[in-house]
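# A structural walkthrough
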Amino acid sequence: MPWKPDFPGEQPSLGWAMLDWYTDMLAQPDSAEYQPLQLTTEQAQFVLDWYRVDPLTGRFVYRRGVLSRAKGWGKSPIMGALGAGEALGPVVFDGWDADGRPVGKPWSEIRTPRVQFAALNEDQTRNAFEPMSEMLREGPVMDYYDIEPMETFVALSKGRIEYITAAALSKEGEKPVFAALDQSEGWVKSNGGVNLAAVLRRNAGKIGGRTIETPNSYR
């Protein structure tokens with residue numbers, strides 16, 4: 001059944017299902033006791049926009065994104081949630097339901113998912129990777145999925161979540177379904193950042209994967 005908006009201007013998005021998935025599966029990081037992950041209104045809107053699909057073809061509207069906000073806004077945790085969702089959640093368009101709403105399926109039904117958190121050095125890569133690991137370890141997701149969060153990667157029953165640095169040439173040929181490029185305002189030729197970004201985008205593009213940059217906002 002084709003897309004049927006409930007009100008003028010509404011756009012179809014798999015983001016509604018992913019917001020529910022985050023709350024149902026992931027824990028709020030940096031909490032003394034377990035709490036379900038809750039995004040702010042602005043963060044949730046970014047998710048809805050990022051997962052928008054074309055109302056005719058079901059294809060994603062955006063292949064590349066930029067989330068530029070000041071330090072402390074929560075860029076790293078939301079990238080962690082997006083990365084976990086891309087590895088496990090229903091993020092691939094799989095048609096329309098009886099009400100004309102888009103429905104999704106996990107990448108694992110199509111290919112082996114690989115999710116990458118990229119930065120210039122190992123300390124930066126942990127900005128999003130460590131909150132994501134905590135979301136997984138402390139969340140209900142451990143009861144529903146066969147995953148093993150390790151110190152430097154997360155082993156999936158099919159696939160892997162990992163962080164990588166500016167040694168871009170060693171990653172040529174890999175095919176991430178999702179890559180987060182942290183603090184990309186500092187990625188220049190001299191430190192290998194430009195090459196790393198090009199490799200990530202090229203690799204993701206081969207399989208219909210997507211990339212998001214998270215630079216700190218300018219003054």
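In this report, the structure presented in the accompanying data block is examined. (Residues numbered from 1 in each chain as written. Predicted model: local features only at pLDDT ≥ 70, side-chain atom pairs only at ≥ 80, totals over all residues. Heavy atoms only, no water.)

Now for the environment of Thr125. By the element assignment, Thr125 lies in helix 4 (residues 122-137). Sequence-distant contacts of Thr125, defined by excluding residues within four places in its chain, comprise Phe117, Ala118, Ala119, Tyr163, Ile164 and Thr165. (Helix = DSSP H or I, 4+ residues; strand = E, 2+ residues; numbered from the N terminus. Contact = heavy atoms within 4.5 Å.)

Here the focus is the pattern of salt bridges. Applying the stated criterion across every chain, the model contains 6 salt bridges. We note a salt bridge from Glu162 to Arg160, for which the minimum N-O separation is 2.9 Å. Note on Glu162: relative accessible area 6%, which makes it buried. Two residues, Glu213 and Arg201, come together in a salt bridge whose shortest N-O distance is 2.5 Å. One end of the pair, Glu213, is in strand 9 (residues 210-214); the other, Arg201, is in helix 6 (residues 193-205), with 12 residues separating them in the sequence. For Arg201, a relative accessible area of 28% gives the class partly exposed. (Salt bridge = Lys/Arg side-chain N within 4 Å of Asp/Glu carboxyl O. Buried < 20%, exposed > 50% of the residue type's maximum accessible area, 1.4 Å probe, protein only.)

Moving on to unusual backbone geometry. Residues other than glycine seldom take positive phi values, yet Asp30 does so here, at roughly 60°. Its place among the elements puts Asp30 in the loop between helix 1 (15-25) and helix 2 (41-50). The class for Asp30 is exposed, based on a relative accessible area of 74%. Positive phi values are uncommon outside glycine, yet Gln183 reaches one of about 50°. On the secondary structure map, Gln183 appears in the loop between strand 8 (178-182) and helix 6.

The way to describe two aromatic rings as a pair is by their centre distance and the angle between their planes. This model, assessed by the stated rule, comprises 6 aromatic pairs. A ring pair is formed by Phe93 and Trp96, whose centres lie 5.1 Å apart and whose planes are at 70°; its orientation type is edge-to-face. Since its relative accessible area comes to 21%, Phe93 is described here as partly exposed. Measuring from centroid to centroid gives 5.1 Å for Phe129 and Tyr163, while their planes differ by 80°, and the two rings are edge-to-face. Of this pair, Phe129 sits in helix 4 while Tyr163 sits in strand 7 (residues 160-164), and the two are 34 residues apart along the sequence. Both residues of the pair, Phe129 and Tyr163, count as buried. An aromatic cluster is built from Trp21, Tyr22 and Tyr145, whose rings are joined through pairwise contacts. Sitting above the plane of the Phe60 ring, Arg210 keeps its charged end 3.7 Å from the centroid. (Phe/Tyr/Trp six-rings, centres within 6.5 Å; stacked < 30°, edge-to-face > 60°. Lys NZ or Arg CZ within 6 Å of the ring centre and 35° of its normal.)

Two faces belong to every sheet, and in a regular strand the side chains alternate between them. Counting buried positions over the 5 residues of strand 4 (residues 114-118) gives 4, a clear majority of the element. Sheet topology note: the strand 4/strand 7 ladder contains 5 bridges and is parallel. Each residue of the ladder has a partner; that of Ala118, found in strand 7, is Ile164. When strand 4 meets strand 8, the two strands line up parallel, connected through 4 bridges. Pairing of Phe117 across the sheet is with Ala180, part of strand 8. (Pairing = 2+ DSSP bridges.)

Time to look at the pairing of strand 3 (residues 102-105). The pairing of strand 2 (residues 92-96) with strand 3 spans 3 bridges and is antiparallel. Bridging across to strand 3, Phe93 finds its partner in Gly104. Connecting strand 2 to the antiparallel partner strand 3 that follows it, the hairpin turn spans 5 residues, and Gly100 within it adopts a positive phi of roughly 80°.

A word on the packing of helix 2 against helix 3 (residues 75-88). Pairs of packed helices are described in terms of their axes, by the angle between the two and the distance that separates them. Contact pair helix 2 / helix 3: the axes reach a minimum separation of 11 Å and the direction vectors enclose 40°. Where helix 2 crosses over helix 3, the handedness of that crossing is right-handed. Seen from helix 2, the contacting residues are Gln43, Phe46, Val47 and Trp50; seen from helix 3, they are Ile78, Met79, Leu82 and Glu86. Looking at side-chain class alone, the contact of helix 2 with helix 3 contains 6 nonpolar, 1 polar and 1 charged residues. (Axes fitted to C-alpha atoms, helices over the stretch in contact; angles between N-to-C directions. Left-handed = near helix turned anticlockwise from the far one by under 90°. Nonpolar A, V, L, I, M, F, W, Y, C, P; charged D, E, K, R; others polar.)

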